[in-house]
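Summary of the model geometry
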Amino acid sequence: MCQRLAPSAAALWAGLALILLCLGLQPAQAADDPKALYEAGLKLKEQKSYRDAVAAFRHSAETGHVAAMYQLGAAYLYGEGVDKDFEASVRWLKKAADKNNLDAMNLLALAYSFGLGVERDPQEALRLRLKAAEAGHRNATVNLGLMYRRGRLIPKDLTQAAIWFRKAAEAGDRNAMYYLGAAYKSGDGVEQDTPTGLNWLHKAAKLGQSDAMNALGDHYSGSYLLDGKDHDLSIHWFRKAIEAGHPTAQIGLDFILEVLEDERKEVAKAKKAAERGDRNAMFSLARAYERGRGVQKDRAMAASWFLKAAEAGHTDAMHRLGNAYADGLGVKEDDVRALRWFKKAAERGHVAAMYNVGQCYDTGRGVAVDATQAATWFQKAAEAGDAYGAYSLGTMYASGRGVKQDDRLAVRWLSKAADEGVPQSMYYLGVMHALGRGGEQDDEKAVYWYGKAAEAGVNEAMYRLAEMYAAGRGVRQSDAEHLRWMKRSAESGSYYGMLQMAAKYRYGQGVDRDVSSALEWSRRAHAANGDDFGVLLLWSDLNRMGRHADSVRLIAEHLKKPNQRTWSLQLVELVGGRRDAAKILTDAKSADDNARPGRLCEAHFYIALTELFRGKRDAAKAHFEQCLATKAEAYLEYVAAGHELRLMKIVEQKDK
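Overview of the structure. All values derive from a computational prediction rather than experimental measurement. (Residues numbered from 1 in each chain as written. Predicted model: local features only at pLDDT ≥ 70, side-chain atom pairs only at ≥ 80, totals over all residues. Heavy atoms only, no water.)

**Considering helix H8 (residues 122–134)**
With 13 residues, H8 extends 18 Å from end C-alpha to end C-alpha; this agrees with the ideal 18 Å at 1.5 Å per step. Within the sequence span of H8, burial applies to Pro122, Glu124, Ala125, Leu126, Leu128, Arg129, Ala132 and Ala133. Buried residues along H8 sit in contact with helix H7 (102–114), helix H9 (138–150) and helix H10 (158–170). The first or second residue beyond H8 is Gly136, which carries a positive phi of 100 degrees. (Helix = DSSP H or I, 4+ residues; strand = E, 2+ residues; numbered from the N terminus. Expected span 1.5 Å × (residues − 1). Buried < 20%, exposed > 50% of the residue type's maximum accessible area, 1.4 Å probe, protein only. Contact = heavy atoms within 4.5 Å.)

**Regarding unusual backbone geometry**
Backbone geometry places Asn100, a non-glycine residue, at a positive phi of 65 degrees. Taking relative accessible area as the criterion, Asn100 reaches 48% and is therefore assigned partly exposed.

**Observations concerning the pattern of salt bridges**
The full count for this structure, using the stated rule, is 26 salt bridges. When the shortest N-O distance is used, the salt bridge between Arg337 and Asp334 registers 3.6 Å. Of the residues examined, Arg337 reaches a relative accessible area of 38% and is grouped as partly exposed. Across the pair Lys583 and Asp587 runs a salt bridge, and its minimum N-O distance is 2.9 Å. (Salt bridge = Lys/Arg side-chain N within 4 Å of Asp/Glu carboxyl O.)

**Digging into the side chain of Ser221**
By secondary structure assignment, the location of Ser221 is in helix H13 (residues 210–221). We classify Ser221 as buried; its relative accessible area is 18%. When near neighbours in sequence (up to four residues on either side) are disregarded, Ser221 contacts His231, Ser234, Phe238 and Ile256.

**Focus: the nonpolar core**
Grouped together as the largest cluster of nonpolar side chains are 126 residues, with contacts concentrated most on Tyr450, Phe605, Tyr606 and Phe624. Leave out the neighbours within four places in its chain, and Tyr450 touches Tyr427, Gly430, Val431, Ala434, Ala461, Arg464, Leu465 and Met468. If you look at the next biggest cluster of nonpolar residues, it comprises 76 residues, including Tyr70, Ala96, Tyr112 and Phe238. (Core = buried A, V, L, I, M, F, W, Y, C linked by side-chain atoms within 4.5 Å.)

**Observations regarding empty space enclosed by the protein**
Scanning the model with the defined rule gives one cavity of 30 Å³ or more in all. Of the pockets and cavities examined, the largest cavity occupies roughly 50 Å³. Lining of the largest cavity is provided by Lys45, Tyr50, Ala53, Val54, Phe57, Gln71, Ala74, Ala75 and Glu80. Of all elements in the fold, only helix H4 (50–62) and helix H5 (66–78) reach the threshold of two or more residues within the lining of the largest cavity. A per-element tally of the lining of the largest cavity places H4 first, with four residues. Residue composition of the lining of the largest cavity, grouped by class: six nonpolar, one polar and two charged. (1 Å grid on protein atoms, 1.4 Å probe; cavity = no way out; pocket = protein on both sides within 12 Å on 5 of 7 lines; lining within 4 Å. Points joined across faces, edges and corners; volume = space filled by probe spheres on them. Nonpolar A, V, L, I, M, F, W, Y, C, P; charged D, E, K, R; others polar.)

**Observations regarding the packing of helix H26 (residues 459–471) against helix H27 (residues 479–491)**
For the pair H26 and H27, interaxial distance at closest approach is 8 Å and the crossing angle is 160 degrees. Taken together, the axes of H26 and H27 are roughly antiparallel relative to one another. The crossing of H26 and H27 is left-handed. Residues Asn459, Met462, Tyr463, Leu465, Ala466, Glu467, Tyr469 and Ala470 of H26 touch H27, and the partners they reach there are Glu481, His482, Trp485, Met486, Arg488 and Ser489. Of the residues belonging to the contact of H26 with H27, the class tally is eight nonpolar, three polar and three charged. (Axes fitted to C-alpha atoms, helices over the stretch in contact; angles between N-to-C directions. Parallel < 35°, antiparallel > 145°, perpendicular 65-115°, else oblique. Left-handed = near helix turned anticlockwise from the far one by under 90°.)

Right, here's the structure in full:
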């Protein structure tokens, strides 16, 4: 047999020249154009003409094209268009990585991880991945997370893994979304948070990530939901995973289908026993209809069987029937009947029912508001171990509603609820420690509880935690952490967080100054609340963007509403041209000693803004300075006046 000889360089170039012509490129020009050769190589690779692609990449790489060096290194690594040659792969990948090609760094890290064409070196693999990830390379970021998650080449660190998965997930990588979702569901490296985990899994699944689809199938196959849709969702996601080629999804689907068949048999058995008068069977049948387990979901049938079980003396059925009447689930909403059934269950020792009776008295549902009765029932629930009963009782002791005000008892019950994981209780406990109520003032404890509540999603806690970082109270001062938590509070719906983010973009505090972003946050704050000060700040940002007509319309629409005659409304009338500046200053001066400095600060600030937007910079400057002269440092307007003067000075220097 004749040995096949390798083609000469001239022969390769002749073949490549023909290919370039087919691609619409002139060979003579391409020979001196590394970029054109590289792009030709990409087209050939896309067409699966790997050998020809390699020829193009080689010519481009040899003339210095960095991305072509990477492509050539990848071809040798995977054997696409050439025989696998790990040493040649490493040689070309190193050339590209030395010129900061992120793709090459990521692939070279793989070579160092497994010793492909180079001596195995986990630390060098970590260094390369870290460098590429920090520069924003998505695959390197995911791979770095996997290195920390698996702990095979470097010490296992689930916290670091979650940090890198989040970076890649937020950049749109579907695999990272899956890994981050799984981390949140299991609590690996992050605070366990099933809703957040599911959110990331859904994002990944919608982008076609089959592991995420399978994970959702697994999740919904268990008793995680009470709305009866879990099995349907489980089947849906297992089938999607099977379609996407997941290797074990069929096993999951077979299991859930077997469970459904078993449930149908159990329902049939319960129905026979219920019809014979078995109250436990009645309750089980009601639950089946409530959740859609083994039967078609039917709230009316569920309520009917709960009623029969309750009348037969089933305590939990009494409580669930109360919930049905309270929420109108399968029956007409009826607060009086809800309270009646809650009381029946509570008197038989049902703890959650005790809490619900307290809620009825506290809010006036089915009965006149009675704070004393509410506190009595909350105490019964709390003493029986109900965390939300403890939380409600703690807030009543803190405020003195229904009980004698007692900060020590408030802290005691709030602590019990916080230890049981009630997020709002964590927040209020943080407030109590920050203010020194119920014990010694302790900023570190305040930060601890604010942090726990913030991680649990309480936006007020995020806002307070941001303030603690800004002031360095109970924690090391950090502008970065202050900004991170303030942004999270705003994104989770905190009105004051939104106002703060608007101010940060308005004046460039910790972020690049961006008036359009300030306007967006002002708009969101106005949509969330729409109070007088929210309107004033949105008005100011509209004017900064040159949208004077929109700002006039905003004020006019706000003043049409039946607003209370407050000081803040007078400020709205001022900027709307319906109140005289001299008159509002007179009104501010006539306030009592405590309110006077703040009102003068606000009056001068908004007068200054109206002058500034009219182009009267000297008059505006004078009023901003008078705002600062009030020394009302606790007011946002006082801080803003300093920023306005700073911006005016910058503009003046540019004009010179």
